[in-house]
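Descriptive analysis of the structure
Read off the chains here:
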Amino acid sequence: MKKPIILGLMLLSSVVMALSFNVSKKETKTEPLMVVKDSIASVAAFKQVYAVLMSPRCMNCHPAGNVPLQGDDSHLHTMLPKRGVEGKGVLAMKCSNCHQAENTPGLHTPPGNPNWHLPPDNMKMVFQGRSANQLAKQLVNPKQNGNKGMKELIAHADDGLVLAGWNPGEGRSLPPISHAEFKKAWLKWLQTGAFAPAK
Amino acid sequence: MEKLTLTVNGLAREVNVDPNMPLLWVLRDLLGLTGTKFGCGVAQCGACTVHVNGEALRSCVTKVSRAVGQQIITIEALSENNDHPLQLAWAELDVPQCGYCQSGQLMSAAVLLREKPNPTDQDIDDAMSGNICRCGTYPRIRAAIHKAAKMQQEGVKP
Ligand code: FES
Ligand code: FES
């Protein structure tokens, strides 16, 4: 008679344990913000981050000038469209006049995203020409990164336009590592103190 | 296929189409509005430029579904009697050569003049660099835009 009760209790406790695991899983889902400083790991992680940010898929929309870049050789965008105040182009040359909400089918046709734009004029967030040292410092400086704190920086890894880099449309190379690997390196860099490489 | 209602040049037009069909095909092939031209089909030349809610969209890469519920204006309705200051200036200065690119040029220029009623040469470059003219009428386009701006200031209504 006792056995079924014990069995029942065991079952119940395993259900409770499973439930509590579920709960704790949910809790850990909100991204951990804790920083444990480790300059060596941080700089190593940034090496991967930098390789992605300087790839044409990221850098082409973070130009040094006011004209976006194009292609795997990062040439100036044909037709020389301009950034404009909001980063959405100017006059009869607004980005979304050609760039649709999704990639246009076909080789080298305009890639698309519902939010296609450059950084705005008052916050250019230039990648082109930045050394790893300069870019690392710029990325964590709210005055230069679009007023992003740690939380926003973490969330930015999953931003729609960032993700679009891995869906570039026909005829364009992908960033050097997968988005999952990039996100891992990005978080690692931030969580180990966002150290800038020496150069 | 889907039944879509478009507002083209102020009129409601019903079309039975694949919602992925380029707006340009709908305008030209289904609605017979052939003033808008097909040049490249990949947003490189500007020949297909029409206004969608006042913006100079390249209709060759714009799915018709994007234009549902929006105000679509083609060259046929840039003005009621072909008397937009740009059209008057265009005629006066004999801008077109073969004419193929010109409806696109006019639609882009109209957005420019609306946003910059007194454009500089730089503004003209910035606005018009996406409209290619294989006949090279660029100097006349520039002169006509300046002229139209002047006409507009003197009271000719767009
Ligand atoms: S036909 Fe649309 S831009 Fe050339
Ligand atoms: S007038 Fe011939 S292409 Fe422009």
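First, a word on what this report is: a plain description of the structure on this page. The model shown is predicted, which means the values in this text are computed figures rather than measured ones.

Considering the overall build of chain A
- What chain A contains, in helices and strands, is seven helices and four strands.
- Secondary structure elements of chain A occur, N-terminal to C-terminal, as α-α-α-β-β-β-β-α-α-α-α.
- The buried share of chain A, reckoned over its 199 residues, is 40%.
- When contacts within chain A are restricted to residue pairs at least 6 apart in sequence, those whose partners lie at least 24 apart make up 61%.
- Counting every atom, chain A has about 11500 Å² of accessible surface; 65% of that belongs to carbon and sulfur.

Examining the side chain of Lys-148 of chain A
All names here are of chain A.
- For Lys-148, the position within the fold is in the loop between helix H4 (132-139) and helix H5 (150-156).
- Despite its burial, Lys-148 remains without a salt bridge, the nearest opposite charge being carried by Asp-159 at 7.5 Å.
- Setting aside anything within four residues of it in sequence, one finds Lys-148 in contact with Met-125, Pro-142, Leu-153 and His-156.

A look at the interface of chain A and chain B
- Across the contact, 18 residues belong to chain A and 22 residues belong to chain B.
- Overall, the association of chain A and chain B removes approximately 1700 Å² of surface from exposure, summing both partners, and the carbon and sulfur fraction of that is 53%.
- Broken down residue by residue, the surface that chain A buries against chain B is led by Met-79, Leu-91 and Asn-97 of chain A, which jointly contribute 35%.
- Remark: the boundary between chain A and chain B carries four salt bridges.
- A salt bridge links Lys-63 of chain B to Glu-102 of chain A, with the shortest nitrogen-to-oxygen separation between them at 3.6 Å.
- At the junction of chain A and chain B, the tally comes to ten residue pairs in polar contact (both at pLDDT 80 or more).
- By residue class, the composition of the side of chain A that touches chain B is eight nonpolar, seven polar and three charged.

Some thoughts on the pattern of salt bridges
- Across all of its chains, the model carries 14 salt bridges over all chains by this definition.
- Linking Asp-121 of chain A and Lys-124 of chain A is a salt bridge whose minimum nitrogen-to-oxygen distance equals 3.6 Å.
- The salt bridge involving Glu-92 of chain B is made with Lys-147 of chain B; its shortest N-O contact spans 3.1 Å. Note that Glu-92 of chain B is positioned in helix H3 (residues 85-92) and Lys-147 of chain B in helix H6 (residues 138-153), a separation of 55 residues in sequence.

Side note on unusual backbone geometry
Residues and elements named next belong to chain A.
- For Met-79, which is not a glycine, the phi torsion comes out positive at approximately 75°.
- Here Met-79 shows up in the loop between strand S2 (75-76) and strand S3 (89-90).
- Unlike most non-glycine residues, His-108 shows phi in positive territory, near 60°.
- Of note, His-108 is situated in the loop between strand S4 (93-94) and H4.

Let's talk about the pairing of strand S1 (residues 2-8) of chain B
Residues and elements named next belong to chain B.
- Of the strand pairs in this sheet, S1 and strand S2 (residues 11-17) are connected by seven bridges, and their pairing is antiparallel. Residue pairing for S2: Thr-5 is matched across the bridge by Glu-14.
- Counted along the chain from S1 to the antiparallel partner S2, the turn is two residues long, and its residue Asn-9 has a positive phi close to 50°.
- Alignment of S1 against strand S5 (residues 71-73), held across two bridges, turns out to be parallel.

What counts, and where the lines are drawn
Residues numbered from 1 in each chain as written. Chains lettered and ligands numbered in written order. Predicted model: local features only at pLDDT ≥ 70, side-chain atom pairs only at ≥ 80, totals over all residues. Heavy atoms only, no water. Helix = DSSP H or I, 4+ residues; strand = E, 2+ residues; numbered from the N terminus. Buried < 20%, exposed > 50% of the residue type's maximum accessible area, 1.4 Å probe, protein only. Contact = heavy atoms within 4.5 Å. Areas by Shrake-Rupley, 256 points an atom, 1.4 Å probe, with all protein chains shown as cover. Lys, Arg positive; Asp, Glu negative; His and termini not counted. Salt bridge = Lys/Arg side-chain N within 4 Å of Asp/Glu carboxyl O. Buried area = accessible area lost by both parts, 1.4 Å probe. Polar contact = N/O pair within 3.5 Å; in protein donor to acceptor, adjacent residues only side chain to side chain. Nonpolar A, V, L, I, M, F, W, Y, C, P; charged D, E, K, R; others polar. Pairing = 2+ DSSP bridges.

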